[in-house]
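Survey of secondary and tertiary structure
Listed below, chain by chain, are the residues.
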Amino acid sequence: MPLRAKVASSVSRTAAALSRAAGRGDGSVIGGWIGLKIDPDLLAHLSTGRAIALVSGTNGKTTTTRLTTAAVGVLGRVATNSFGANMPTGHTSALAKAGSTPYAVLEVDEHYLAQVLEATDPHVVALLNLSRDQLDRAKEVAMMAQLWRAALVRHPDVRVVANADDPMVVWAACPPADPAQGHVPPHVTWFSAGQRWHDDSWVCPECGSTIQRSGEQWWCTGCPLRRPEPQWTVEDDGVLDPTGAWHKIQLQLPGKVNLGNAATALAVAAEFGVRPVDAVSRLGTVTSVAGRYAQVDRDGRNIRLLLAKNPASWLEAFDMADVAPTLLSINARDPDGLDTSWLFDVDFSPLAGRQVLITGDRAYDLAVRLDVNGVPFRHVRTFDEAVRAVPPGRLEVIANYTAFQDIRAELDRVN
Ligand SMILES: [Zn+2]
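Identification of the chain as Lipid II isoglutaminyl synthase (glutamine-hydrolyzing) subunit MurT from Micromonospora maritima is taken from an unreviewed UniProt entry. Per UniProt, the comment on the chain under Function (unreviewed entry) is "The lipid II isoglutaminyl synthase complex catalyzes the formation of alpha-D-isoglutamine in the cell wall lipid II stem peptide. The MurT subunit catalyzes the ATP-dependent amidation of D-glutamate residue of lipid II, converting it to an isoglutamine residue."

1. Here we look at the sheet that holds strand β13 (residues 301–307)
Ordered by their spatial adjacency, six strands build an open sheet running β12-β13-β17-β14-β15-β16, and the pairing between neighbours is mixed. The two strands at the open ends of the sheet, each matched to only one other strand, are β12 (295–298) and β16 (378–379). Pairing of β13 with strand β17 (residues 393–399), which is carried by seven bridges, proceeds in the parallel orientation. Paired with arginine 304 across the strands is glutamate 396, a residue of β17. Strand contacts of helix α12 (residues 363–373): β14 (326–329), β15 (356–359) and β16, with the helix running at about 145° to β15, the strand carrying the most contacts.

2. Observations regarding the environment of aspartate 199
With respect to the helices, strands and loops of the structure, aspartate 199 is situated in the loop between β6 (187–191) and β7 (211–214). With 103 residues separating them in the primary sequence, aspartate 199 and asparagine 302 have C-alpha atoms 34 Å apart. A polar contact is formed between the side chain of aspartate 199 and the side chain of tryptophan 202, at a distance of 3.5 Å.

3. Some thoughts on the packing of aromatic side chains
Remark: the centre distance and the inter-plane angle together describe each pair of aromatic rings, the angle taken between the planes. What the rule picks out here adds up to five aromatic pairs. Centre to centre, the rings of tyrosine 103 and phenylalanine 272 are 5.7 Å apart; their planes meet at 85°, and the pair counts as edge-to-face. Here phenylalanine 272 lies in the loop between α9 (255–270) and α10 (276–283) and tyrosine 103 lies in strand β3 (residues 103–108), a separation of 169 residues in the sequence. The pair formed by tyrosine 103 and phenylalanine 272 is uniform in burial state, with each residue classed as buried. Within the aromatic cluster, the residues linked to one another by ring pairs are Trp314, Phe318, Trp342 and Phe348. Lying across the ring of tryptophan 202, arginine 213 places its NZ or CZ 4.8 Å from the centre.

4. With respect to the sheet that holds strand β11 (residues 246–248)
In a beta sheet, neighbouring strands pair by backbone hydrogen bonds and run either parallel or antiparallel. Read from one edge of the open sheet, three strands run β9-β10-β11, paired in antiparallel fashion. The open sheet is flanked by β9 (233–235) and β11, the only strands paired with a single partner. Recorded for the sheet is a direction-independent mean angle of 30° between the axes of neighbouring strands. Looking at chain direction, strand β10 (residues 238–240) and β11 are connected through three bridges and run antiparallel. Its bridge partner being in β11, valine 239 is matched across the sheet by histidine 247. Running over the sheet, α9 touches β9 and β10 and is turned about 135° from β9.

5. Some thoughts on helix α2 (residues 28–38)
Taken together, the buried positions of α2 are Ser28, Gly31, Gly32 and Gly35. All buried residues of α2 project into a common sector of 95° when viewed along the axis, lining one side. Where the residues of α2 are buried, they touch α1 (3–21), α3 (42–47) and α5 (88–98).

6. Quick look at the nonpolar core
Ranked by size, the top nonpolar core spans 60 residues in total, and within it Trp314, Leu328, Phe348 and Ile398 carry the most contacts. The element that contributes the greatest number of residues to this core is α9, accounting for nine residues. With residues near it in sequence (within four places) discarded, isoleucine 398 still touches Leu306, Ala308, Trp314, Ala317, Phe318, Ala321, Thr326, Leu327, Leu328 and Ser329. Core analysis: the second largest hydrophobic core is formed by 43 residues, Ala79, Leu117, Val125 and Val141 among them.

7. Some points on the side chain of arginine 227
Here arginine 227 shows up in the loop between β8 (217–220) and β9. A relative accessible area of 6% means that arginine 227 is categorised as buried. Looking at arginine 227, its side chain comes within polar contact range of the side chain of serine 192, at 3.4 Å. Looking at arginine 227, its side chain comes within polar contact range of the main-chain oxygen of glutamate 216, at 3.2 Å.

8. Brief notes about empty space enclosed by the protein
On inspection of all chains with the given rule, the structure shows five cavities of 30 Å³ or more. In this structure, the largest cavity encloses a volume near 260 Å³. Contributing elements (two or more residues each) for the lining of the largest cavity: α9 and α11 (311–320). Counting residues per element, the lining of the largest cavity draws most heavily on α9, at three residues. Class assignment of the residues belonging to the lining of the largest cavity gives a composition of seven nonpolar, 11 polar and four charged.

9. Some remarks on the layout of surface pockets
By volume, the largest pocket amounts to about 1100 Å³. Considering the residues around the largest pocket, the lining is formed by 41 residues, among which Gly84, Asn86, Arg292, Lys309 and Tyr401 are closest to the centre. Elements represented by at least two residues in the lining of the largest pocket include exactly α4 (61–72), α5, α9, β13, α11 and α14 (401–414). Partitioned by chemical class, the residues of the lining of the largest pocket number 16 nonpolar, 15 polar and 10 charged. The computed volume of the second largest pocket comes to approximately 350 Å³. Lining of the second largest pocket is provided by 19 residues; of these, Asp165, Ser192, Gly194, Gln195 and Glu216 occupy positions nearest its centre. Looking at the lining of the second largest pocket, its residues break down into four nonpolar, eight polar and seven charged.

About the thresholds
Residues numbered from 1 in each chain as written. Predicted model: local features only at pLDDT ≥ 70, side-chain atom pairs only at ≥ 80, totals over all residues. Heavy atoms only, no water. UniProt positions renumbered as here; feature names shortened; annotations may be inferred. Pairing = 2+ DSSP bridges. Helix = DSSP H or I, 4+ residues; strand = E, 2+ residues; numbered from the N terminus. Contact = heavy atoms within 4.5 Å. Axes fitted to C-alpha atoms, helices over the stretch in contact; angles between N-to-C directions. Polar contact = N/O pair within 3.5 Å; in protein donor to acceptor, adjacent residues only side chain to side chain. Phe/Tyr/Trp six-rings, centres within 6.5 Å; stacked < 30°, edge-to-face > 60°. Buried < 20%, exposed > 50% of the residue type's maximum accessible area, 1.4 Å probe, protein only. Lys NZ or Arg CZ within 6 Å of the ring centre and 35° of its normal. Arc of directions from axis to C-beta. Core = buried A, V, L, I, M, F, W, Y, C linked by side-chain atoms within 4.5 Å. 1 Å grid on protein atoms, 1.4 Å probe; cavity = no way out; pocket = protein on both sides within 12 Å on 5 of 7 lines; lining within 4 Å. Points joined across faces, edges and corners; volume = space filled by probe spheres on them. Nonpolar A, V, L, I, M, F, W, Y, C, P; charged D, E, K, R; others polar.

So this is what it looks like as structure tokens:
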């Protein structure tokens with residue numbers, strides 16, 4: 001590395017360590033920020049000589065990054081931004097902290113994919129899904145797909161691993177090749193991770209016609225865009241690889257959603273030459289991811305934490321949760337997005353028949369929503385009150401971002 005990059009990298013590590021020592025989080029954002037101030041090309045310098053995978057999408061990227069890191073670990077040391085700091089400051093800090101590693105797997109905020117592609121020149125990019133996120137901040141889904149597509153046009157050599165079930169992702173992953181410009185079609189490997197949430201992909205991003213669906217298939221009624229045949233699929237409790245071999249997957253993470261994430265991780269690792277048969281046992285070592293899926297025992301209740309931050313991830317959380325008493329908690333602070341009207345995009349009827357408790361700053365918004373869905377509920381003021389209100393056994397907690405952090409802090413305080 002050039003001298004400036006070495007200095008920047010060292011200062012970045014020191015700043016992150018000081019921030020951690022001062023009890024101000026893991027320090028990755030401030031460390032990366034200072035490093036990039038000293039050397040604006042620091043991320044590019046730190047990426048040189050590493051084989052890198054980027055993982056992006058609206059949902060599932062933290063978990064998929066963790067699973068992919070475990071799978072690629074078959075080959076050697078892997079740098080990763082495991083604390084979910086998924087912007088260039090976080091990537092810079094993660095690579096500076098890891099020192100020299102042959103591999104890196106980085107979770108990337110979908111808005112920053114183009115910038116991080118440019119800086120890191122990755123070997124492979126995994127595109128998971130695109131759906132509406134925080135209403136007051138996120139870009140429109142079609143606009144995000146357009147940004148991804150434009151970024152991939154500028155990087156024809158990157159290998160793409162993409163979700164065949166999401167029309168927006170498929171369109172973004174296949175930019176038109178212009179032979180006159182020397183463009184070649186990108187190398188895409190398709191996986192099937194399912195798509196529970198269809199409301200952001202009824203309209204074809206290519207021609208504006210309606211997208212139709214039947215079973216797992218989808219196609220545009222006005223142009224050739226349709227679901228490509230995936231090479232990696234989930235079947236029963238395992239994953240089928242491109243050779244047709246089936247691998248049983250034993251995860252410590254719940255739900256079919258995470259089997260899809262495991263299939264994605266194996267597909268990305270295969271781009272580095274990892275055989276699925278060598279990686280599957282490592283996937284089972286991943287437990288909770290930044291507190292998500294964490295289980296805590298308290299007063300005879302087994303409490304499990306599920307994070308749900310936008311409509312698609314609420315549907316996934318309902319799918320992962322056991323049929324058991326369920327606490328829902330909603331805040332609308334800055335990291336959550338201030339607008340809670342998205343609650344009306346989510347169908348809460350899967351909760352009918354479960355004991356439902358609600359809490360959080362915006363519990364009354366939830367109350368209105370549940371009432372419209374005809375789901376009975378009880379409002380509780382504190383987490384303690386919720387624990388006392390349910391019988392011994394499983395308590396599922398589904399919360400959005402800051403509500404989730406509040407409950408984690410509450411559980412950490414007692415344990
Ligand atoms: Zn179309």
